[in-house]
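Residue-level structure breakdown
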Amino acid sequence: MKKKIIMVTGGQRSGKSEFAEELAMRLGEKPVYMATARVMDKEFEARVERHRSRRGPQWTTIEEPLLLSRHDLTGRVVLIDCVTLWATNTFFDAGEDADAAMNRLAAEFEEFTSRTATYIFVTNEIGLGGVSENPLTRRFTDLQGNINRLIASRADEVYLVVSGIPVKIKSQFNNENL
Amino acid sequence: MKKKIIMVTGGQRSGKSEFAEELAMRLGEKPVYMATARVMDKEFEARVERHRSRRGPQWTTIEEPLLLSRHDLTGRVVLIDCVTLWATNTFFDAGEDADAAMNRLAAEFEEFTSRTATYIFVTNEIGLGGVSENPLTRRFTDLQGNINRLIASRADEVYLVVSGIPVKIKSQFNNENL
Amino acid sequence: MKKKIIMVTGGQRSGKSEFAEELAMRLGEKPVYMATARVMDKEFEARVERHRSRRGPQWTTIEEPLLLSRHDLTGRVVLIDCVTLWATNTFFDAGEDADAAMNRLAAEFEEFTSRTATYIFVTNEIGLGGVSENPLTRRFTDLQGNINRLIASRADEVYLVVSGIPVKIKSQFNNENL
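All values reported here derive from a predicted model rather than from experimental measurement.

Rules and cut-offs
Residues numbered from 1 in each chain as written. Chains lettered and ligands numbered in written order. Predicted model: local features only at pLDDT ≥ 70, side-chain atom pairs only at ≥ 80, totals over all residues. Heavy atoms only, no water. Contact = heavy atoms within 4.5 Å. Buried area = accessible area lost by both parts, 1.4 Å probe. Salt bridge = Lys/Arg side-chain N within 4 Å of Asp/Glu carboxyl O. Polar contact = N/O pair within 3.5 Å; in protein donor to acceptor, adjacent residues only side chain to side chain. Helix = DSSP H or I, 4+ residues; strand = E, 2+ residues; numbered from the N terminus. Nonpolar A, V, L, I, M, F, W, Y, C, P; charged D, E, K, R; others polar. Expected span 1.5 Å × (residues − 1). Buried < 20%, exposed > 50% of the residue type's maximum accessible area, 1.4 Å probe, protein only. Core = buried A, V, L, I, M, F, W, Y, C linked by side-chain atoms within 4.5 Å. Phe/Tyr/Trp six-rings, centres within 6.5 Å; stacked < 30°, edge-to-face > 60°.

Facing the 23 residues of chain A at the interface are 25 residues of chain C. When the two sides are added together, the surface that chain A and chain C hide from each other amounts to roughly 2000 Å², 52% of it contributed by carbon and sulfur. If you look at where chain A meets chain C, you find 2 salt bridges. Of the charged contacts in the structure, one is a salt bridge between A:Arg149 and C:Glu18, with a shortest N-O distance of 2.8 Å. Connecting chain A to chain C are 5 residue pairs in polar contact (both at pLDDT 80 or more). Elements supplying a minimum of two residues to the side of chain A that touches chain C: β1 (4-10), α5 (135-154), β6 (157-162) and β7 (165-170) of chain A. Take the side of chain A that touches chain C: its biggest share by element is 8 residues, from α5(A). Split into classes, the residues belonging to the side of chain A that touches chain C amount to 8 nonpolar, 9 polar and 6 charged.

This is the structure in structure tokens:
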């Protein structure tokens, strides 16, 4: 097995999680679902439950809001759902300091992905709706952009999911965008 | 004539309506413009008028905020502008219940597109700007994502319009994104 | 030297400025950085400083919030960063009248790009997050969409940057999107 990093990005309800799950099932028989959600309200809980019922019994679920690298998943196919919640948790743990949070996320990412496995990171594009009037939202938008760019730069494949359609924007074979 | 479903999506002022109109004119001599707008204020009225004056006399206009399938447009080229207003009307008619609204939209869509015609659906990507603080907006964003995904999954062609440039993200010949 | 117009668009923190700078360095030895920022607060000043320190001593910097065409940059490679700030300044100078602002931007754009040079315009996609409740934001979103479409229609190349990945959506050789 060779190490492989895949990133799946898109907007809310774009179908990115569904596509990432299909991809994980195709790439491994017993994929691992790493849930990064922490803070729960009823609306959110319902969404998590919908996601869970969609996945089958072949999945192993790990709940990990912060320290992805605590889990040695060598040889497995791992779906990390999602980077946005992982970044949110890290951002609040770092006292809403986006630079400190980015340092922690980058260090965790490098450590976590140092082992040979297939990693599928699901993330969100949140910066295409104009600048927020809320300074906290602006700082988080910066953080989300920075971690997305780090993961994308390390990824072998990147997909942008639009209305359920996966558009491959980076692959091992094409870097001829320029 | 074979049945054909085309979806044109994009952000606000991306040029998606203009592109869809060009497409309709190319595909049929006397296209039908199905306007789904209902609630009107002055700002909105001015926009509708701008759109109307841009289209020529060869167009037939039908105003239909909810029940697309009431209109039998067999053999015609029909531009539905837009899915977002149709979904908004259906959402409010369903008491802001997104699941009920989705059921109605899905049933209407299947019935409407059961006849042999060329359908061009114009819709919006609204989920790429981060999660709204307004629960109503969040529910509508989910609904918009779900109906977009349904239409895209049935479509022969899907275009994402960015700054006036139509990017074909699904076609009858390429499903080789994977 | 032939005239060339390139547009680089994307969301906040998508890496569009970094990509545009790389492009400028590849296309010319002594590129010109045209900064369109005017209103400054501390947060913004820090961002400008970060951008400046990233660029090297080979760059010439011009600060021009409004009248791009005052500068004759014949034969140079010019990076305009960014269209959004230029449009914002013009919008407020035009008393928040989006139509008047668009007329001024269009006239400035045509005059500025009438000389033979390589122009790289950095801009933002801001219309993919749903309709704002703020009428001023809605009018500006329209203006941004209109100026983006004008520049894209004149451009030889357009890139959409997503999570740091430049996706070429228009080129001199492909207009086969249809």
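Between its terminal C-alpha atoms helix α1 (residues 16-27) of chain C stretches 16 Å, which fits the 16 Å expected from 12 residues at 1.5 Å a residue. Regarding α1(C), the residues found buried are C:Lys16, C:Ser17, C:Glu18, C:Phe19, C:Ala20, C:Glu21, C:Leu23 and C:Ala24.

Turning our attention to the nonpolar core. Counting residues in hydrophobic clusters, the biggest one holds 111 residues, and the most contacted among them are A:Phe121, B:Phe121 and C:Phe121. Residues in contact with B:Phe121, not counting those within four places in the same chain, are B:Ile5, B:Ile6, B:Met7, B:Val8, B:Leu68, B:Ile80, B:Val83, B:Phe109, B:Phe112, B:Thr113 and B:Ile151.

Take the packing of aromatic side chains next. Inspection of the entire model under this criterion finds 24 aromatic pairs over all chains. Between the aromatic rings of B:Phe112 and B:Tyr119, the centroid separation amounts to 5.1 Å while the plane-to-plane angle is 65°, which identifies the pairing as edge-to-face. As far as the burial class goes, B:Phe112 and B:Tyr119 line up, both buried. Judged by centre distance (4.9 Å) and plane angle (65°), the ring pair of C:Phe19 and C:Tyr159 falls under edge-to-face.

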